[in-house]
Structures are given as C-alpha cells and as structure tokens.
Amino acid sequence: LCGSFLAVAASDAALAEGVQGEGKELVMFTITASNVYGANQIKGATAEAEKLGYKLKVYQNNFSQPEQDAQVQQYLASGAKPAAVIFWPWVADAAINDVRQLARLAPVVQLTQEPNEQSWPFVQAYAGANQILIGATLGETMIKARDAAKAAGMEFKSPGGNLLVFQHPEGEKTGTERMKGFLEATKDAPFNIIHTEYGSNSPETGYEIGSQVLPKYKDQFDFLFVSNQQAANGIIRALKENGIAPGKDVMIVSGDCSGSLDAVKSGETFGTGIQPAAVEGALAVRTAAKLITAGKVEGDVIQMEVEAEAPAVDATPPAKFNYMPHAPAIGADGVANTKIWGYSADEICAG
C-alpha cells in the first residue's frame, strides 16, 4: 500500500512539474454544490489544487448575483492575498464591479462564462466550456436524431422537422453562444424552430416549465432542444403526463449532461453532450497555476482534446481562452464508451 501511495504521489508530481503552488491560496467563486454541476466542478478544482500544492478557498452562491456580490465583499474585507482568483460571475453584466475589485488583489481567471468586453480589462484568461462547440455538438447530434427518426418512419410536421427549444435563462451568454453553434451546425439542413422557452435549468424547472409549455404546442413539434439533461429529465416527466412518448413521438437532445443519464441510456433522450464539470474545475486551477508561474498569457486559444487520462501540466503560459474537452454521447453505448481525464460519463454527469 505504501509503495502504491508513493507511486501515485510521484505521478502527480510528474504531472505538475514546475507549477507547484507551495501552499499559496487560490480563491474560487462558483455556484452551489447542491447542484450536480457545481458539486462536480468544485470536486475537480479541489482535487487539482491539492495535486498542484495550492490551498483552495471556495465561495458558493445559490444562483444569485447579489449573494455573490456579498461574498466578494466579504473576501475583500478579510484582507486575504490570493495568488489568483477563479471567478464564475452568475450574471456577467452585473458582476463587473466584483471582477474589477478582485483584479486588484490578484490575476483573475474567469470560469464557465466567457468574459465580455466590459470585464476583459480585469480578466487575464478564460478557462472552461467552449459554448459554441457545445452548441455545434448539439446540432450535429440533433441531425443524427433526425436521421434516426426518418429511418424509424417518423413523419415530421415540416420538411426539416419542427423544433421546440427549452433554453437557458434569457440573456445568459451560455445559451446565446450555444444557439450560435447550433444554428451554424444545422444551417445546411435547418430545423423549423416553432418556439423558444427560457429558464429550464434543473429537473424542477424543466418539469414546471414543461408542464406549462408542452400542452400549448402538443402535436406541433418533432424535436426538443433542451439546455441540459437535468432540465430534460424534468421535461420528460411532463411529456409523459401529456401522453407524449419521448424517444418515439419526439426526439430529445440536451446540451450538456449534468444529472442522471438514465434517460440517455434508455433512449428517451437521443443524445447529450458530455461536459465534464470536474474537468472544468481542474482546468481552471491549472490555468491559474500556469498564469502564476509564467506571469503572462500567450496565444488566443487552446482547445483541449478529449483524452481518457489527464494530460501533464507544464509551466508554459496559458492562452487567453483555455477550452475544456467536450464529447457527444448517443445512447447507452455512447455513455459507456466515454471517458475524459479519468472520469467516466456517469461520474462526469451524475457525480
């Protein structure tokens, strides 16, 4: 056992050559661990910080910008001197003052939501999801869903199929960027979007919003675009209560896989995107460690490839945009065969 422990420790050290933190503090502002995605993100960041020799302090908000604002003020008043700040603004436009003040303390790496023009003067690098890639992956998977539906003899309400969209909260950049990617991926054979409903982001909101919207459009849609699988799980419940069989009467594709993957394995959801929150948290810590070590950013974009095991960390500068890997998963086989940075699809999505 001792030999095994030493081998793991040596392996971690080799992965992190030149970027050890030697006990320095990183601070991370993100969403609550009561959410599957938040829990996995914090888990990945915490594990990576430990590997790289940093102490990570985490502030969690319950999907509330005012709560996050208060947490930032609390941290600023504490007199802490972190080596870097990892910051996921819940509402980017309303968090400009937060990021401005945090930038006076230490370099800021923004997480999950890409910085806008107002925040870039205070942010050194972005680490996290490539939302346009996620939207493009959703579009490509939706095209495969349409092909599968045609092969099964499904008759569409319009030539390309009618699409009902359940999107992120209105104005949230995540949803806006994903739709850009989706529309680009499907432009040569577009779907007919009959309605976009905003705000479904969890099983509860998916069910609540789905229960209100689905009866209005019953018998009018062939496909559902859903922001994430958590929301899709709630919408599936609402579909069944309205006598609509998911995977038969309607084909569903979700943008990312946070939540149970049972519906993907059963075919009720045709496919989803495997967006590993734990890897996103780890990538943010890596990006901060590389920025601290190198003292600068170099290059515009690094898009991490899908790899079964985590690649080594080196002391080269991070790019302006550091994008995490993202993979589609269709059906039970797609779930079973996906592994990213040591995590299976079930570990990535359900925690």
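Each remark here, short or long, concerns the structure printed above.
I will try to describe carefully the structure that is included in this document.

## Let's talk about the packing of helix 2 (residues 36–52) against helix 10 (residues 277–294)
Argument step 1. It is at 6 Å that the axes of helix 2 and helix 10 come closest, and there the two elements cross at 40°. As the angle between them shows, helix 2 and helix 10 are arranged oblique. Judged by the sense of rotation from one axis to the other, the crossing of helix 2 with helix 10 is right-handed. Within the contact between the two elements, helix 2 uses Y37, N40, Q41, G44, A45, E48, A49 and L52 and helix 10 uses A277, A278, E280, G281, A282, V285, R286 and A289.
Argument step 2. By residue class, the composition of the contact of helix 2 with helix 10 is nine nonpolar, four polar and three charged.

## Details of the nonpolar core
Argument step 1. Counting residues in hydrophobic clusters, the biggest one holds 61 residues, and the most contacted among them are F29, V85, F87 and I274.
Argument step 2. Of all the elements, helix 10 adds the most residues to this core, at nine residues.
Argument step 3. Setting aside chain neighbours within four positions, we find F29 in contact with Y59, Q68, Q71, V72, Y75, V85, I86, F87, W88 and L102.
Argument step 4. Core analysis: the second largest hydrophobic core is formed by 19 residues, I209, V226, I235 and V250 among them.

## Details of the packing of aromatic side chains
Argument step 1. Considering all chains together, one arrives at 15 aromatic pairs under this definition.
Argument step 2. Geometrically, the ring pair formed by F29 and F87 is edge-to-face, given 6.0 Å between the ring centres and 75° between the ring planes. Of this pair, F29 sits in strand 1 (residues 25–31) while F87 sits in strand 3 (residues 84–87), and the two are 58 residues apart along the sequence. Each member of the pair, F29 together with F87, is buried.
Argument step 3. Where Y59 meets Y75, the ring centres are 5.7 Å apart and the plane angle is 75°; that geometry is what we call edge-to-face. Taken as a pair, Y59 in strand 2 (residues 55–61) and Y75 in helix 3 (residues 65–77) lie far apart in primary sequence, 16 residues in all. In terms of burial, Y59 and Y75 fall into one category: buried.

## A look at the layout of surface pockets
Argument step 1. Roughly 230 Å³ of internal volume is contained in the largest pocket.
Argument step 2. W90, V91, A92, D93, Q113, E114, N116, P169, E170, G171, E172 and K173 are the residues that line the largest pocket.
Argument step 3. Looking at the lining of the largest pocket residue by residue, the classes come out as four nonpolar, three polar and five charged.

## Digging into unusual backbone geometry
Argument step 1. Here E22, not a glycine, exhibits a phi torsion of approximately 55°, which is positive.
Argument step 2. Locating E22 in the fold gives a position in the loop between helix 1 (2–15) and strand 1.
Argument step 3. Given a relative accessible area of 74%, E22 falls into the exposed group.
Argument step 4. The backbone of T112 sits at a positive phi, close to 70°, despite the residue not being glycine.
Argument step 5. Locating T112 in the fold gives a position in the loop between strand 4 (108–111) and strand 5 (125–128).
Argument step 6. According to the relative accessible area criterion, T112 is buried, its value standing at 4%.

What counts and what doesn't
- Residues numbered from 1 in each chain as written.
- Predicted model: local features only at pLDDT ≥ 70, side-chain atom pairs only at ≥ 80, totals over all residues.
- Heavy atoms only, no water.
- Axes fitted to C-alpha atoms, helices over the stretch in contact; angles between N-to-C directions.
- Helix = DSSP H or I, 4+ residues; strand = E, 2+ residues; numbered from the N terminus.
- Parallel < 35°, antiparallel > 145°, perpendicular 65-115°, else oblique.
- Left-handed = near helix turned anticlockwise from the far one by under 90°.
- Contact = heavy atoms within 4.5 Å.
- Nonpolar A, V, L, I, M, F, W, Y, C, P; charged D, E, K, R; others polar.
- Core = buried A, V, L, I, M, F, W, Y, C linked by side-chain atoms within 4.5 Å.
- Buried < 20%, exposed > 50% of the residue type's maximum accessible area, 1.4 Å probe, protein only.
- Phe/Tyr/Trp six-rings, centres within 6.5 Å; stacked < 30°, edge-to-face > 60°.
- 1 Å grid on protein atoms, 1.4 Å probe; cavity = no way out; pocket = protein on both sides within 12 Å on 5 of 7 lines; lining within 4 Å.
- Points joined across faces, edges and corners; volume = space filled by probe spheres on them.

Structural measurements only, silent on function.
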